[in-house]
Amino acid sequence: RFRLANPRIFGGYDAQWSGPAAGGRRIALTENFRSREALLDFINPLFAALMRKAVGGVNYEALLFGAPDRRGALAATPEGPPRAEFHLVARAEAEAGAEESEDESGRGEPMGDLLAIEREARLLARRLRELKESRHEVWDDEENRFRPVCWADMAVLLRSPSGRAEAFAKEFSKAGVPLMAAREGFFESLEVSDLVNLLKLLDNPLQDVPLLAVLRSPLAGLSLDELAEVRAHNSKEHFWTALVMFHREGTGRGLPDVNGTGAARSSAWTRAGLFLRQFALWREAARHASLSQCLDRVLADTYYEALLLAGPRGSERAGNVRRFRDLARQFDPYQRQGLYRFLRFVQAQEDEDLDLQPASAPTGDEVRLMSVHKSKGLEFPVVALACMGTRFNERDLNEPVLLSEVYGLCPRITPPDTEQSYPGLPHWLARRAERRELRGEELRLLYVALTRARDTLILVGTVHRKAGDARWEAGRTGGISTAEIVGARSHLDWLLTWLPHATAREDWRDERSGGNRILRWHIHDENDPVFADPLAPSPQPAVGAAARGPADAASIGRLEETVAWR
């Protein structure tokens, strides 16, 4: 599992040392000194129903509220509203079908008026802002009292922030909520990746992916339409060859002649020409000067560092550029080994997971966004777990050869004289066992995420149904089978499987919302006011509608208050 963890090793010690012949005894460390008792009332029944030895090798033991002498004030607080809330975003059938292949890698997300990830980000930004403006009270261990929540008390957790952090940053910025997203590795940061891709081109320009990355970056600044114009000119050659031919053969073409001075040239032709001229100078510098001098010239010609400083997280991103330039300067004494050797050094750093830490962002009163893995060992007064509907990543289960600790090497069978294959019995058994282990790992990750919360827990997920079909039938009796747990494809599936057993019919207030002692919930459709763009201009009143009286204004105010928490 994650970092080769194997819970069965610890379980083996438990069985070995606690047996009658061993003379030992088992002490369960189940007291929880972090979360409110109301949160444990939600977490315990959820994992008692889902977590079991048959899935992942671990049985769940209920958490106990910490000793009163440690958290006496929390224990003495009167029973209030539930400390856990669940927001279910329902998507239309046609829109949902486009996301069938999405998983935790962030791939396969469809485009639309508002992606599912953007809806969830917008909903969460508004909800966290409501908590801040309503002076939601949280417990302060240092001051030993309740105080109003601040932004730094809040954290947004994602199973995999890759490909999603930018959407959260954009929507939180629109809502006026400061957000600090945990940056990825140094070499994976966009600004360093731009420079590495440029060095790859200086070494060998016949590489399409690095070339497209550089052309799209501020180093060249071509738009998607302009890149498409270049490719349409020549669709068979390498993109570098197509770019050179486009600029050489496109002279005098483009926009129609308006002033009688000859045909105007398109913006793609102009930018391609500028890049090709600069690239020739940079490549000459790479041959005859040091690597750091070549980078200095690139940064000076493109004003790249100044562009970064003018954008979001400017000082942090510019700091990464300076660190990369310093790294190149350290390589200058080995200049004879060439640019290719430096690129191999960078690749080795990434392959061996020896990535440098990115420049740290200035810390302040900001909501933090991080992965569930990075939240291990931390606690936050307010925790929001988003993107619960993201499907588990099962790509490893589709490999032609599986490696199992029980069944060994388990290949698919490919008959002679054919390219088709099918799973043999060992492959089928290994795949089934690995799926169970994967579900156990995901259950433990969900447990980590929910137990990071100290005072308030917010759950958000998107379901591929219409809002009218998203309501679950409450009051179901009986337990949840192991097959249902293994068959789940996301954390949201587990929650929706458990909710019918944990809610009653009378807990529903209406068709979209409800609540009980441990949880409150609301179902949102795509037209819910909570998804309105906070930066969109307010609609102008129609003729004759401006004469609304105070009673109408009061009604609107009450309506806004009603949907505020939703």
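This write-up is about the structure you can find in this document. All of these numbers come straight from a predicted model, not from anything done at the bench. Each residue is numbered by its place in its chain's sequence as written, counting from 1. Local features are withheld for residues below a pLDDT of 70 in this predicted model, meaning they are given only at 70 or higher, and side-chain atom pairs are given and counted only at 80 or more; totals for whole chains, interfaces and linings count all residues. Based on all heavy atoms of the structure, the side-chain values leave hydrogens and waters out of the count.

Notes on the overall build of the protein
Part 1 of the reasoning: Strands are runs of DSSP state E lasting at least 2 residues, helices are runs of H or I lasting at least 4, and numbering of each runs from the N terminus. From N to C terminus, the protein includes 19 helices and 15 strands.
Part 2 of the reasoning: Throughout, exposure labels follow a simple rule: accessible area from a 1.4 Å probe, protein chains only, divided by the maximum for the residue type, with under 20% read as buried, over 50% as exposed, and the rest as partly exposed. Relative to its full complement of 566 residues, the protein shows a buried share of 45%.
Part 3 of the reasoning: Contacts are assigned to residue pairs that have any heavy atoms within 4.5 Å of one another. Considering only contacts within the protein whose residues lie at least 6 apart along the sequence, 73% involve residues at least 24 apart.
Part 4 of the reasoning: Note on areas: Shrake-Rupley, 1.4 Å probe, and residue coverage restricted to the protein chains presented here. Total accessible area computed for the protein in this model is approximately 30,000 Å², and 52% of it derives from carbon and sulfur atoms.

Focus on the sheet that holds strand β10 (residues 401-404)
Part 1 of the reasoning: The criterion for strand pairing is that DSSP finds at least two bridges linking the strands in question. Pairing is antiparallel across the open sheet formed by three strands, whose spatial order is β10-β11-β12. Two strands close off the open sheet at either side, each with one partner strand: β10 and β12 (422-423).
Part 2 of the reasoning: Strand direction decides the pairing type here: β10 and strand β11 (residues 408-413), joined by four bridges, are antiparallel. Looking at β11, one finds that L403 is bridged to L409.
Part 3 of the reasoning: Angular values range over 0 to 180 degrees, each being the angle between N-to-C directions of two axes fitted as lines to C-alpha atoms, with helices fitted over their stretch in contact. In this fold helix α16 (residues 425-450) packs onto β10, β11 and β12, with an angle of close to 115° to the strand it touches most, β11.

Remarks on the packing of aromatic side chains
Part 1 of the reasoning: Here a pair means two rings of Phe, Tyr or Trp (six-membered ring of Trp) with centres within 6.5 Å. Their orientation is stacked below 30 degrees between planes, edge-to-face above 60, and tilted elsewhere. Scanning the entire structure with this criterion turns up 19 aromatic pairs.
Part 2 of the reasoning: With centroids separated by 6.2 Å and ring planes inclined at 40°, the aromatic side chains of F342 and F345 adopt a geometry described as tilted. Of this pair, F342 and F345 both sit in helix α15 (residues 338-351), separated by three residues, roughly a single helical turn.
Part 3 of the reasoning: Ring geometry for W472 and W521: centres 5.4 Å apart, planes at 50°, overall tilted.

Some remarks on helix α18 (residues 491-502)
Part 1 of the reasoning: Here the expected length of a helix is defined as 1.5 Å per residue gap, with one fewer gap than residues. The terminal C-alpha atoms of α18, which comprises twelve residues, lie 16 Å apart, in line with the 16 Å expected from a rise of 1.5 Å per residue.
Part 2 of the reasoning: The element α18 is extensively covered by neighbouring structure, given that nine of its twelve residues are classed as buried.
Part 3 of the reasoning: Against α2 (37-50), β3 (84-90), α16, β13 (453-463) and α17 (482-487) lie the buried residues of α18.

Observations concerning a nonpolar patch on the surface
Part 1 of the reasoning: Surface patches are drawn from residues lacking salt bridges whose relative accessible area is over 30%; two like charges belong together within 9 Å, two nonpolar side chains (Val, Leu, Ile, Met, Phe, Trp, Tyr) within 5 Å. Whenever Lys or Arg places a side-chain nitrogen within 4 Å of a carboxyl oxygen from Asp or Glu, that contact is recorded as a salt bridge. Side chains of I9, F10, Y13 and W17 sit close together on the surface and give an oily, nonpolar patch of about 510 Å² of accessible area.
Part 2 of the reasoning: Its location among the elements puts Y13 in helix α1 (residues 7-17).
Part 3 of the reasoning: Since its relative accessible area comes to 39%, Y13 is described here as partly exposed.

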